Amino acid sequence: MAAAGHSHGWGLGRHTLGSNFFHYIQDPWGSWIEYSSDMDCITENWKAGDWDCPPAVWSPEMPADFIVNQEEKPS
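These lines cover the structure that appears in this document, whether it is placed above or below.

Regarding a nonpolar patch on the surface
Then comes step 1: Together, Leu12, Val57 and Trp58 make up a nonpolar patch on the protein surface, roughly 300 Å² of accessible area in all.
Then comes step 2: When you line up the elements, Leu12 lands in strand S1 (residues 9-15).

As structure tokens, then:
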């Protein structure tokens, strides 16, 4: 994708929850594709909860349009 001119992305970074490495690439339609690895193992003792934490422990700054829905609205 980078060779075809689609190099806008976010990463390399490490997610706060899951501790996985990530790198996102924005596709030609504005959606984000996540490549990730090395996620924490979730066991049967895991309990769900609400979290108030940043999306990454470390990473470059998140692009401003990362949380924007790029899908076309129905007419």
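Read on, since the account is not over.
Some thoughts on unusual backbone geometry
Then comes step 1: For the bond from Gly11 to Leu12, the omega torsion is -5°, close enough to zero to count as cis.
Then comes step 2: You will see that Ser19, though not glycine, has its phi angle at about 60°, which is positive.
Then comes step 3: Within the fold, Ser19 resides in the loop between S1 and strand S2 (21-26).
Then comes step 4: One non-glycine residue, Asp38, adopts positive backbone phi at about 65°.
Then comes step 5: Counting through the fold element by element, Asp38 comes out in the loop between strand S3 (32-37) and strand S4 (56-58).
Then comes step 6: The partly exposed category is assigned to Asp38, whose relative accessible area is 49%.

Thoughts on the sheet that holds S3
Then comes step 1: Strand order in the open sheet formed by 4 strands is S3-S2-S1-S4, with antiparallel pairing between adjacent strands. The open sheet terminates on both sides in strands that have one partner only, identified here as S3 and S4. Sheet twist, expressed as the average angle between the axes of neighbouring strands with direction ignored, equals 40°.
Then comes step 2: Taken together, the 5 bridges between S1 and S2 define a ladder with antiparallel strand orientation. When the sheet's bridge partners are listed, Gly11 is paired in S2 with His23.

Concerning the state of the cysteines
Then comes step 1: Enumeration over the complete set of coordinates arrives at 0 disulfides.
Then comes step 2: There is no disulfide at Cys41, and the cysteine sulfur nearest it, in Cys53, is 19 Å away.
Then comes step 3: For Cys53, a relative accessible area of 32% puts it in the partly exposed group.

So, the nonpolar core
One broad trend across soluble globular proteins is that nonpolar side chains are buried collectively.
Then comes step 1: One finds Trp10, Phe22, Tyr24, Trp32, Ala56 and Phe66 forming the largest nonpolar core, which totals 6 residues.
Then comes step 2: Setting aside residues up to four positions removed in sequence, Trp32 forms contacts with His8, Gly9, Trp10, Tyr24, Ile25, Gln26, Pro63, Asp65 and Phe66.

What to know about the pairing of S3
Then comes step 1: By the bridge criterion, 6 bridges tie S2 to S3 in an arrangement that is antiparallel. Residue pairing for S3: Gln26 is matched across the bridge by Trp32.
Then comes step 2: Between the antiparallel neighbours S2 and S3 lie 5 residues, among them Gly30 with a positive phi of about 95°.

About the thresholds
- Residues numbered from 1 in each chain as written.
- Predicted model: local features only at pLDDT ≥ 70, side-chain atom pairs only at ≥ 80, totals over all residues.
- Heavy atoms only, no water.
- Patch = residues over 30% accessible without salt bridge, like charges linked within 9 Å, V, L, I, M, F, W, Y side chains within 5 Å.
- Areas by Shrake-Rupley, 256 points an atom, 1.4 Å probe, with all protein chains shown as cover.
- Salt bridge = Lys/Arg side-chain N within 4 Å of Asp/Glu carboxyl O.
- Helix = DSSP H or I, 4+ residues; strand = E, 2+ residues; numbered from the N terminus.
- Buried < 20%, exposed > 50% of the residue type's maximum accessible area, 1.4 Å probe, protein only.
- Pairing = 2+ DSSP bridges.
- Axes fitted to C-alpha atoms, helices over the stretch in contact; angles between N-to-C directions.
- Disulfide = S-S within 2.5 Å.
- Core = buried A, V, L, I, M, F, W, Y, C linked by side-chain atoms within 4.5 Å.
- Contact = heavy atoms within 4.5 Å.

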